[in-house]
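# Coordinate analysis (summary)
Chain by chain, the residues:
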Amino acid sequence: MVNGGARLQGAVKVSGAKNSVLKLMSAAMLAEGRTVLKNCPQISDVPYMADVLRGLGCDVELDGGTVIIDVPAEINHDADFDAVRQFRASVAVLGPLTARCHRARVALPGGDAIGSRPLDMHQTGLETLGATTRIEHGCVVAETDGLHGAEIKLDFPSVGATENILTAAVLANGVTVLDNAAREPEIVDLCDMLNEMGAKVEGGGSNVITVTGVEKLHPVEHEVVGDRIVAGTWAYAAAITQGDVTVGGIDPQHLHLPLEKLKLAGARVETYPTGFRVVQESKPTAVDYQTLPFPGFPTDLQPMAIALCVASEGMSVITENIFESRFRFVDELVRLGADASVDGHHVVIRGGRQLSSAPVWSSDIRAGVGLVLAGLIADGETEVHDVFHIDRGYEDFVGTLRDLGADIRRVER
């Protein structure tokens, strides 16, 4: 329940990245022993992934922002159970299981309703490394007599495929060269942890990653990189409400383009080594966006950008190049009075109209957040339903907004 009209002000510190911690938890299975992950976000996807690892034979303890994973000498290769089907990131166990067990059976995952996300590149990558793969009975199955290094070029810089290929290649025999690799900060975080574990990975953060396989890895203690999407959410919330918000716990270079877009919209942006400040003193100006893989504008911030365009003076065009169904929530914005129309993978927004409260429904994590941000500038009380999606990616979302001055509360229906 959101009452519009508040100007967000204050400071917030983000915790570790959802899009990193879940993959690091999976990578922990590459080494027998105890791995400790710190700065973990307290979001619902973390216990989901903990359940996945427990089902594979690991002991997992969640202690606030710390996740402790004890990996046995022998792990189960079969991840065909309900916890795996709950969320998309569970497919990250495919690479580690193939590397450790030489076979893997992973239930095809669920997750956000934002479009098709096939496993073709995951399978092709593992096959190039020497595995056979197939889809059977709702599972992806990989088997190998031993993985070997190879040259792999991805058709698209897929984050998930890059992660599964990396976590398989680190224990393969020989050198793997992965071309057109994803460059996201979360990939760099995974490469850093793998190297700390004894892997030989070079080029993380570039489009070519080279992996020299090793025989064995060891467990480590690792701090999860800050969540740039959560940090970007608070940056855009500040601009939408003509507020003044300082965000810590994040490298501002991980949000270079989103922050540059805010400057174009009229915000004053100050950056520091571990954070930034966004001040919006007047009504924002319309800006165009198109989503692209990092270092382009992130698709996970697209709903927040659309909410800002709705709040801005002028016309904006937003182009979605990653997920074809990410515009589903635009219909919900129209319920609030937004002048927005979808044309293929473009949305045209004529901003500046006063929004009015209405009941709206979340279809995924980021859409739910975008609707809440729109509710911050709507007249009256907006009801945002199915907010369990938001819990999957944001730690104490309502409490953080309330601390920044929003009139918001959570109720059970």
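Position numbers for residues count from 1 along each chain, tracking the sequence in the order it is written. Totals for whole chains, interfaces and linings use every residue, but because this is a predicted model, local features are given only for residues with pLDDT of at least 70 and side-chain atom pairs only at 80 or more, for both listing and counting. Excluded from the side-chain calculations are hydrogens and water; all other atoms, namely the structure's heavy atoms, are used.

In the annotation of an unreviewed UniProt entry, the entry for the protein reads UDP-N-acetylglucosamine 1-carboxyvinyltransferase, and the organism field reads Corynebacterium urealyticum. Under Sequence similarities (unreviewed entry), UniProt gives the following word-for-word description of the protein: "Belongs to the EPSP synthase family. MurA subfamily." UniProt positions are given in the numbering used here, feature names are shortened, and annotations may be inferred rather than shown by experiment. UniProt's Pathway (unreviewed entry) comment on the protein is quoted here verbatim: "Cell wall biogenesis; peptidoglycan biosynthesis."

## Topic: the UniProt feature "binding site: phosphoenolpyruvate" (unreviewed entry) in the protein
The residues that UniProt annotates with the feature "binding site: phosphoenolpyruvate" (unreviewed entry) are K18 and N19. In this description a helix means any DSSP run of H or I spanning at least four residues, a strand means any run of E spanning at least two, and both kinds are numbered starting from the N terminus. Here K18 shows up in helix α1 (residues 18-27). For K18, the residues in contact, after removing those within four places along its chain, are P41, I43, D45, D227, I365, R366, R392 and G393. Topologically, N19 is positioned in helix α1. Burial classes follow relative accessibility: with a 1.4 Å probe on protein chains only, a residue under 20% of its type's maximum area counts as buried, one over 50% as exposed, and anything between as partly exposed. The class for N19 is partly exposed, based on a relative accessible area of 22%. Here, residues are in contact when the closest pair of their heavy atoms is within 4.5 Å. Look past the residues within four positions of N19 in its chain and what remains in contact with it is E163, E186, I229, D300 and R366.

## Digging into the pattern of salt bridges
Here, a salt bridge means any Lys or Arg side-chain nitrogen found within 4 Å of an Asp or Glu carboxyl oxygen. Summed over all chains, the structure comprises 21 salt bridges. Close ionic contact of D70 with R34 constitutes a salt bridge, the shortest N to O distance being 2.9 Å. On the criterion of sequence distance, the pair formed by D70 in strand β5 (residues 66-71) and R34 in strand β3 (residues 33-38) is long-range, its members being 36 residues apart. Exposure remark for D70: the relative accessible area of 24% places this residue in the partly exposed category. The partly exposed category is assigned to R34, whose relative accessible area is 48%. Between R392 and D45 there is a salt bridge, with its nearest N and O atoms 2.9 Å apart. Of this pair, R392 sits in the loop between α13 (388-391) and α14 (397-403) while D45 is found in helix α2 (residues 45-55), placing the two residues 347 residues apart along the sequence. Here D45 falls in the buried class, since its relative accessible area comes to 0%. The structure contains a network of salt bridges with shared partners spanning D78, R105, R134, E136 and E143.

## Considering the packing of aromatic side chains
Each Phe, Tyr or Trp ring (for Trp, its six-membered ring) is paired with any other whose centre lies within 6.5 Å, and the angle between the two planes then decides the class: stacked below 30 degrees, edge-to-face above 60, tilted in between. Evaluation of the coordinates by the stated rule reveals 6 aromatic pairs. On the numbers, 6.4 Å between centres and 75 degrees between planes, the contact of W234 with Y394 is edge-to-face. On the criterion of sequence distance, the pair formed by W234 in helix α8 (residues 228-240) and Y394 in the loop between α13 and α14 is long-range, its members being 160 residues apart. For W234, a relative accessible area of 3% corresponds to the buried category. Between Y236 and F297 the ring centres are 6.2 Å apart and the planes differ by 75 degrees, which places this aromatic pair in the edge-to-face class. One end of the pair, Y236, is in helix α8; the other, F297, is in the loop between β18 (289-290) and α10 (302-311), with 61 residues separating them in the sequence. Among the aromatic residues, those joined into a cluster by ring pairs are W234, Y394 and F397. Positioned above the aromatic ring of Y289, the side-chain terminus of K261 is 5.3 Å from the ring centre. Two limits define a charge over a ring: the Lys NZ or Arg CZ must be within 6 Å of the ring centre, and within 35 degrees of the ring normal.

## A few points about α8
Compared with the 18 Å implied by 1.5 Å per residue over 13 residues, the 18 Å span of α8 between its first and last C-alpha is a close match. Where burial is concerned, most of α8 is hidden: 13 out of the 13 residues are buried. Here α8 starts with a cap whose side-chain oxygen sits 3.0 Å from the backbone nitrogen of I229, and that cap is D227. Phi turns positive one or two residues past the end of α8, at Q242, with a value near 55 degrees. Take the residue count of a helix, subtract one, and multiply by 1.5 Å to get its expected span. Counting of polar contacts relies on pairs of N or O atoms within 3.5 Å, with two restrictions inside protein: one atom must be capable of donating a hydrogen and the other of accepting it, and residues adjacent in sequence are counted only when both atoms are side-chain atoms.

## Focus on the nonpolar core
In this text, buried Ala, Val, Leu, Ile, Met, Phe, Trp, Tyr and Cys residues form a nonpolar core when linked through side-chain atoms within 4.5 Å. Ranked by size, the top nonpolar core spans 72 residues in total, and within it M25, I69, V93 and L194 carry the most contacts. In contact with I69, other than residues within four places in its own chain, are M25, A28, G33, R34, T35, L37, L53, C58, D59 and V60. In this structure, W234, V287, I306 and I318 belong to the second largest nonpolar core, which totals 68 residues.

## Concerning unusual backbone geometry
Between F294 and the following residue, P295, the backbone shows a cis peptide bond with an omega angle of 15 degrees. Positionally, P295 belongs in the loop between β18 and α10. One non-glycine residue, N39, adopts positive backbone phi at about 65 degrees. Here N39 shows up in the loop between β3 and α2. Of the residues examined, N39 reaches a relative accessible area of 25% and is grouped as partly exposed. With a phi close to 55 degrees, Q242 is a non-glycine residue in the positive phi region.

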